[in-house]
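# Notes for the structure review
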Amino acid sequence: MPFNDLLFLAQTIHRQNFHQNQVQLSRLLSIKTGGCPEDCGYCSQSAHHESGLKASKLMDVERVVSEARKARDAGATRYCMGAAWRGPKARDMDALVAMVEGVKALGMETCMTLGMLDLDQACRLKAAGLDYYNHNIDTSERYYSEVVSTRTFADRRETLSHVREAGIKVCCGGIVGMGEEKADRIDMLVTLANLPEPPESVPINMLIPIPGTPLGKAEPIDPIAFVRLVALARILMPKSDVRLSAGRTAMSDEMQALCFFAGANAIFVGDTLLTAQNPEEDKDSALFSRLGIKPMELSEG
């Protein structure tokens, strides 16, 4: 479709399902950084890559809750906690449960990304009050093995099914700019839209090439192609939050504005996304002011 027609269609669908000038704000905290046994070609936290990132232990529960309180007071309505694991071990579960309970007690929505989960782990996190679980499919099934070799596309689907069965909302999207073809980007979104139930939250990440990783010299995606992908996500998943995630530091204000017009209605705030840079909050506030966009209140999320 011509670009203007595509954006008009996406914005029309967006207005049928969401307030046209509100954006949901989430804050992301790395609760355990680096040393991951997976070999994802884009990730600085993999133990397979020489990215210079040092591994850390799981953060104390009290510190996580303290950081969540700051995020809530700064306007975030959802708090996302990420750990660089293949999957959590049994010894980690008590602390993870306490983190969810502590953040939930602040009146915030809770989200975690911990790698692969079995059904028992998912059910335990749900019982603690976990609202969302993030587990991206990253790219198309065809291209997946070009990016990751330590797990399969089917492994990702299995964790998503465990999360759904436990009654947790799904946050699942992907990354573009990893050398994939246009058809792979489309297939990724079609896969998400055709899950038994589409994800409630769909993060669209633009690759941040990190030195020392296999994709450290990847060519950037064309900005118009990225906006088109956001529009397609909105058209295919009308009721899902479409979230601008990694890569916003490389986007101009005008590109972000087009993404919001194309149907993006959620972002991460704060100066880091796990280990990658993110625009500072005053810059986001200034952009929102220029565009007439307001942060979504928790009761409206």
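## A closer look at helix α1 (residues 3-17)
Its 15 residues place the ends of α1 22 Å apart at the C-alpha level, agreeing with the 21 Å of an ideal helix rising 1.5 Å per residue. Among the residues making up α1, those that are buried are F3, L6, L7, A10, Q11, I13 and H14. All buried residues of α1 project into a common sector of 165° when viewed along the axis, lining one side. Facing away from the buried side of α1 by more than 90 degrees, the exposed set consists of N4, F8 and Q16. The elements touched by buried residues of α1 are α8 (223-236) and α9 (253-261).

## A few points about helix α7 (residues 182-193)
With twelve residues, α7 ought to run about 16 Å at 1.5 Å a step, and its terminal C-alpha atoms sit 17 Å apart, in line with that. Buried residues of α7: D184, R185, M188, L189, T191, L192 and A193, and no others. Residues of α7 that are buried in the fold lie against α6 (153-166), β6 (174-176), β7 (201-206) and α8.

## Regarding the packing of aromatic side chains
Going through the model one piece at a time under the given rule, you end up with two aromatic pairs. When the ring of Y144 is compared with that of F153, the centres are 5.6 Å apart and the planes differ by 75°; the resulting orientation is edge-to-face. Summarising the burial analysis for this pair, Y144 and F153 share the class buried. Geometry around Y132 places R78 over its ring, the cationic atom sitting 3.8 Å from the centre. One residue, R243, lies across the ring of F268, its end atom 5.1 Å from the ring centre.

## What about the side chain of E109?
Looking at the secondary structure, you find E109 in strand β3 (residues 109-113). Here the side chain of E109 touches R78 through a polar contact of 3.0 Å, side chain to side chain.

## Quick notes on the nonpolar core
Ranked by internal contacts, the top residues of the largest apolar core, which has 82 residues, are I31, M112, L125 and F226. Residue contacts for I31: discarding those within four places in its chain leaves K57, L58, M59, V64, M81, G82, A83, L96, M99 and L114. Within the second largest apolar cluster, five residues are counted, among which are L28, C80, C111 and Y132.

## Focus on the pairing of strand β8 (residues 241-244)
Here β8 shows a buried face lined by D241 and R243 and a second buried face lined by V242 and L244. As paired elements, β7 and β8 share four bridges and run parallel to each other. Paired with S201 across the bridge in β8 is D241. Note on the crossover from β7 through α8 to β8: the handedness is right-handed. Relative to strand β9 (residues 266-269), β8 is paired through two bridges, and the arrangement is parallel. Looking at the pairing, R243 lines up with A266 of β9. Remark: the β8/α9/β9 crossover connection has right-handed handedness.

Criteria and thresholds
Residues numbered from 1 in each chain as written. Predicted model: local features only at pLDDT ≥ 70, side-chain atom pairs only at ≥ 80, totals over all residues. Heavy atoms only, no water. Helix = DSSP H or I, 4+ residues; strand = E, 2+ residues; numbered from the N terminus. Expected span 1.5 Å × (residues − 1). Buried < 20%, exposed > 50% of the residue type's maximum accessible area, 1.4 Å probe, protein only. Arc of directions from axis to C-beta. Contact = heavy atoms within 4.5 Å. Phe/Tyr/Trp six-rings, centres within 6.5 Å; stacked < 30°, edge-to-face > 60°. Lys NZ or Arg CZ within 6 Å of the ring centre and 35° of its normal. Polar contact = N/O pair within 3.5 Å; in protein donor to acceptor, adjacent residues only side chain to side chain. Core = buried A, V, L, I, M, F, W, Y, C linked by side-chain atoms within 4.5 Å. Pairing = 2+ DSSP bridges. Right-handed = clockwise from strand over helix to strand, strands pointing away.

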